[in-house]
Amino acid sequence: MKQIPLFLLMFCNSIYAGQELTIWHDKYQATPLFEQITNDFQSETGIQLKVHYMPTSVLKLTALKKSHTSTAPDILIAPSDFIGNRSALSLSKVPEELNNESLLLAKASVTDDGKQFGIPLLFGNHLLLYYNKQLVPEPARNWTQLLEQKPLLESKGASVINWKTGEMYWVIPFLTAFGKSPVDVDTIHFDNKEIQHGLELLKKQAEVFGIDSGCDYSCVYQDFVDGKVAYSINGDWAYQSLSTEMAEDLGVSLMPEVNGQPMHSFYSSIALLFPNHSLTSKKQQAINEFIQYIRNDENQLLLYQYVGMMPATTVAYDLVVKQQEDIQNFRVLLEQLNRSILMPPNRAMSAAWQGMAKGVSLYMSGKVSSEKAIQLMQKHSLRELNRLSETTE
């Protein structure tokens, strides 16, 4: 880490001696890095860190439950769509001076109604089409070509493609394939023909390619690494680990086209969020120290190496692009990011996830028609939005 003059270390330690920050995060792959950061940050500042990992769904539920108690974390490192629950989490607003080095794309992911509710740490979080070069000599550009490759791939003992059919983030590229996004600013749009066609596309492709709905994330990931499946839709967060495990066999392609049109993933950020108004608490100065520390260029690059998402600060982002610009897989990763849609960090998006899950589950299990499913998605989303809107900031 950067060397700090001894007299400054002694000064910082004297100010912050005995102070403690509690941090919760959902990036398991970065656990070793957070252990290193904990030790180095305490050595430099005297501030102790208590860092805890939780899976994303557990992190959100626990943070909501604890947000108004003395056991609330001081900092959440979490997906930016948590901002949609900002009232329940009592998130601090972030002054511009704490966020002035962020890329505009990243800054947009934590801004709603002109106000910032987080500081982007990493951004991207978008889906890609990965393929195994040992099985696929030329990647398919669309779903028709994927189907045409099915006999050859099966003759090699491999399935064609997998993804998490029951995870709503993976559902989004199908729903947006016909030109409509389910959330536009603060309005929910499920009950329309474009979303209905997208839902039908999802089910059709899942059935055609025999997608196992019971295959969880680790199963989807490992089956692809083991060569049991030729293509896999997964996130940019898997890029680094897949590159390590598969080396030259890993290919990255754009998402399959639908009727000559690109599929669009969402993109978002992993952000520093401050529940229970911690940014204006008695720990404000200690939190500011951590913000500056975790977002310095060195740590931004280390986070990229561990997590795989792009740095959110301008200097570190440019350094990564310069280092990787000659790598074809990386160029495709950036191109898919440029095709992605910002996931709105607002109440409407938080509500939409709830409604989407209900409708998609019932439709994929054959219990309702696609028309009924989109109606249910709209109904339940609006009900949840009304519930969230009852609270005030």
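Residues numbered from 1 in each chain as written. Predicted model: local features only at pLDDT ≥ 70, side-chain atom pairs only at ≥ 80, totals over all residues. Heavy atoms only, no water.

**Structural notes on the overall build of the protein**
Here is step 1 of the chain: Secondary structure assignment for the protein yields 17 helices and 15 strands.
Here is step 2 of the chain: Expected size for 393 residues packed as a compact globule is a radius of gyration near 21 Å; at 22 Å, the protein falls within 12% of this value.
Here is step 3 of the chain: Principal-axis analysis of the C-alpha atoms gives the protein an extent of 70 × 50 × 30 Å.
Here is step 4 of the chain: Taking all 393 residues of the protein together, 56% fall into the buried category.
Here is step 5 of the chain: Within the protein, counting contacts between residues at least 6 apart in sequence, those at least 24 apart form 77% of the total.
Here is step 6 of the chain: Accessible surface, the protein as shown: approximately 17,300 Å² in total, 50% of it carbon and sulfur.
Here is step 7 of the chain: Of the side chains in the protein, 33 bear a positive and 42 a negative charge, and the two mean positions are spaced by 7 Å. (Helix = DSSP H or I, 4+ residues; strand = E, 2+ residues; numbered from the N terminus. Rg over C-alpha atoms; globule rule 2.2 N^0.38 Å. Buried < 20%, exposed > 50% of the residue type's maximum accessible area, 1.4 Å probe, protein only. Contact = heavy atoms within 4.5 Å. Areas by Shrake-Rupley, 256 points an atom, 1.4 Å probe, with all protein chains shown as cover. Lys, Arg positive; Asp, Glu negative; His and termini not counted. Charge placed at Lys NZ, Arg CZ, Asp CG, Glu CD.)

**Notes on the state of the cysteines**
Here is step 1 of the chain: Throughout the structure, instances matching the rule amount to one disulfide.
Here is step 2 of the chain: The residue that forms a disulfide with cysteine 215 is cysteine 219, at a sulfur-sulfur distance of 1.9 Å. Measuring the twist about the S-S bond at about -100 degrees, one finds the cysteine 215-cysteine 219 disulfide to be left-handed.
Here is step 3 of the chain: Owing to a relative accessible area of 24%, cysteine 219 belongs among the partly exposed residues under this scheme. (Disulfide = S-S within 2.5 Å.)

**Some thoughts on helix H13 (residues 297-307)**
Here is step 1 of the chain: Three or more residues of H13 are buried, namely Asn299, Gln300, Leu301, Leu302, Leu303, Tyr304 and Val307.
Here is step 2 of the chain: For H13, the N-terminal capping position is held by asparagine 296, with its side-chain oxygen 3.1 Å away from the main-chain nitrogen of glutamate 298.
Here is step 3 of the chain: The first or second residue beyond H13 is glycine 308, which carries a positive phi of 95 degrees. (Polar contact = N/O pair within 3.5 Å; in protein donor to acceptor, adjacent residues only side chain to side chain.)

**Description of the pattern of salt bridges**
Here is step 1 of the chain: Here the structure, examined in full by the defined rule, presents ten salt bridges.
Here is step 2 of the chain: The salt bridge partner of aspartate 113 is lysine 115, with a shortest N-O separation of 3.5 Å.
Here is step 3 of the chain: Owing to a relative accessible area of 62%, aspartate 113 belongs among the exposed residues under this scheme.
Here is step 4 of the chain: Ionic pairing is found between arginine 387 and glutamate 384, a salt bridge with its closest N-O pair at 2.7 Å. (Salt bridge = Lys/Arg side-chain N within 4 Å of Asp/Glu carboxyl O.)

**Considerations on helix H10 (residues 217-225)**
Here is step 1 of the chain: Residues of H10 that are buried: Val220, Tyr221, Phe224 and Val225. Down the axis, H10 shows its buried residues gathered within 130 degrees of arc, on one side only.
Here is step 2 of the chain: As for H10, its buried residues are in contact with strand S7 (127-132), strand S8 (159-162), strand S11 (229-235), helix H11 (239-246) and strand S12 (250-253).
Here is step 3 of the chain: Backbone geometry just after H10 places glycine 227 at a positive phi near 80 degrees. (Arc of directions from axis to C-beta.)

**Looking at a positive patch on the surface**
Here is step 1 of the chain: Together, Lys358, Lys372, Lys379 and Arg383 give the surface a local cluster of positive charge.
Here is step 2 of the chain: As for its position among the elements, lysine 379 is in helix H17 (residues 370-389).
Here is step 3 of the chain: On the basis of relative accessibility, which here comes to 47%, the residue lysine 379 falls in the partly exposed class. (Patch = residues over 30% accessible without salt bridge, like charges linked within 9 Å, V, L, I, M, F, W, Y side chains within 5 Å.)

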